[in-house]
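Single-letter residue listing:
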Amino acid sequence: MIAPWALPSLPVVGDRRRFPVRRIFCVGRNYAAHTREMGGDPTREPPFFFMKPGEAIVADGGEVPFPLATKDLHHEVELVVALRTGGSNIPPAAAESHIFGYAVGIDLTRRDIQAIAKQRAWPWDAAKGFDHSAPCGAVQPVAEIGHPKRGTITLDVDGARRQEGDLAQMIWSVPEIIGHLSRLFTLQPGDLVFTGTPAGVGPVVAGNRLTAEAAGLPPLTVTVSATA
Ligand code: MN
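Notes on the structure follow. Note that the coordinates shown come from a computational prediction; the quantities given were computed from them, not determined experimentally.

### Here we look at the environment of Asp60
Here comes step 1: By secondary structure assignment, the location of Asp60 is in the loop between β5 (57-59) and β6 (63-65).
Here comes step 2: When the C-alpha atoms of Asp60 and Leu220 are compared, they prove to be 5.0 Å apart, with 160 residues separating the residues in sequence.
Here comes step 3: Sequence-distant contacts of Asp60, defined by excluding residues within four places in its chain, comprise Cys136, Pro219, Leu220 and Thr221.
Here comes step 4: Within the structure, the side chain of Asp60 is placed 2.8 Å from the backbone nitrogen of Thr221, a separation counted as a polar contact.

### Brief notes about the coordination of the manganese ion
Here comes step 1: The manganese ion binds to the protein through Glu76 (OE), Glu78 (OE) and Asp107 (OD), with metal-donor distances spanning 2.0 to 2.1 Å.
Here comes step 2: All donor residues of the manganese ion come from one chain, and their arrangement in sequence is E-x1-E-x28-D. Residue Glu76 shares its accessibility class with Glu78, and that shared class is buried.

### Notes on the packing of aromatic side chains
Here comes step 1: Taken as a whole and judged by the stated rule, the model has four aromatic pairs.
Here comes step 2: A centroid spacing of 4.9 Å and a plane angle of 45 degrees characterise the contact between Phe25 and Phe185, whose relative ring orientation is tilted. Note that Phe25 is positioned in strand β3 (residues 24-27) and Phe185 in the loop between α6 (174-184) and β15 (192-194), a separation of 160 residues in sequence.
Here comes step 3: On the accessibility criterion, Phe25 (0% relative accessible area) is buried.
Here comes step 4: Each residue in the set Phe48, Phe50 and Trp124 is aromatic and connected to the rest through ring pairs, giving one cluster.
Here comes step 5: The residue whose ring lies beneath Lys52 is Phe130, and the NZ or CZ to ring-centre distance is 5.8 Å.

### Things to note about the sheet that holds strand β18 (residues 220-225)
Here comes step 1: Judged by pairing direction, the sheet is mixed, and its five strands sit side by side in the order β6-β18-β17-β13-β14 without closing on themselves. Strands with a single pairing partner mark the edges of an open sheet, and in this sheet they are β6 and β14 (160-166). Averaged over all adjacent pairs, the angle separating strand axes in this sheet is 20 degrees, with direction ignored.
Here comes step 2: Note: β6 against β18, three bridges, orientation parallel. Among the inter-strand pairings, Pro65 is bridged to a residue of β18, identified as Ser225.

Each value, and the rule that gives it
- Residues numbered from 1 in each chain as written.
- Predicted model: local features only at pLDDT ≥ 70, side-chain atom pairs only at ≥ 80, totals over all residues.
- Heavy atoms only, no water.
- Helix = DSSP H or I, 4+ residues; strand = E, 2+ residues; numbered from the N terminus.
- Contact = heavy atoms within 4.5 Å.
- Polar contact = N/O pair within 3.5 Å; in protein donor to acceptor, adjacent residues only side chain to side chain.
- Donors = N, O, S within 2.8 Å, 3.2 Å for Na, K, Ca; no water.
- Buried < 20%, exposed > 50% of the residue type's maximum accessible area, 1.4 Å probe, protein only.
- Phe/Tyr/Trp six-rings, centres within 6.5 Å; stacked < 30°, edge-to-face > 60°.
- Lys NZ or Arg CZ within 6 Å of the ring centre and 35° of its normal.
- Pairing = 2+ DSSP bridges.
- Axes fitted to C-alpha atoms, helices over the stretch in contact; angles between N-to-C directions.

Given below as structure tokens:
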């Protein structure tokens with residue numbers, strides 16, 4: 001028999017216990033300016049989802065080995081929702097009661113593999129769900145900050161601003177996202193939802209230091225190292 005592995009988890013602000021991570025759901029194209037930079041039409045597209053393994057989490061201060069099989073690794077800074085309870089067919093009006101807290105994350109993307117997948121109508125798993133593809137900061141419990149609906153969301157590479165938006169620019173709100181998602185999946189405690197990125201996505205290379213911030217949540221810094 002093989003040995004069991006550690007449950008992926010994130011630190012929680014003000015608590016010595018960690019938040020156990022189950023699945024990672026991600027929303028595509030949830031800011032109009034980013035939808036346009038990717039060649040989409042922000043006015044007519046319903047939300048769509050893809051997933052990353054829970055084990056793709058990299059905590060604050062961690063290292064992201066430059067992934068295999070890409071020459072175009074992109075950063076996407078996103079607000080992350082951490083679920084306390086789950087369910088299916090959750091009405092948006094009830095969605096916030098299922099949220100444990102919020103964090104800031106980076107949806108790392110192998111953009112070259114994604115471009116091929118789009119061209120050939122292939123799935124996005126290899127573009128999105130690879131090892132170390134989900135850096136995520138500490139979880140800030142709702143009890144401390146409430147539900148952030150506006151506020152700056154930014155990503156810096158080596159101290160230079162690359163992405164800047166506002167949470168108020170999200171096309172689908174967090175309650176609407178949970179509503180849609182829970183009609184496709186029975187959501188579970190420990191699930192994370194990455195809620196889409198503002199404009200300004202771009203490439204990162206080995207040696208880069210990425211810093212993500214959103215609405216006063218604990219900042220996230222990770223360093224990209226040489227391919228493992
Ligand atoms: Mn994304």
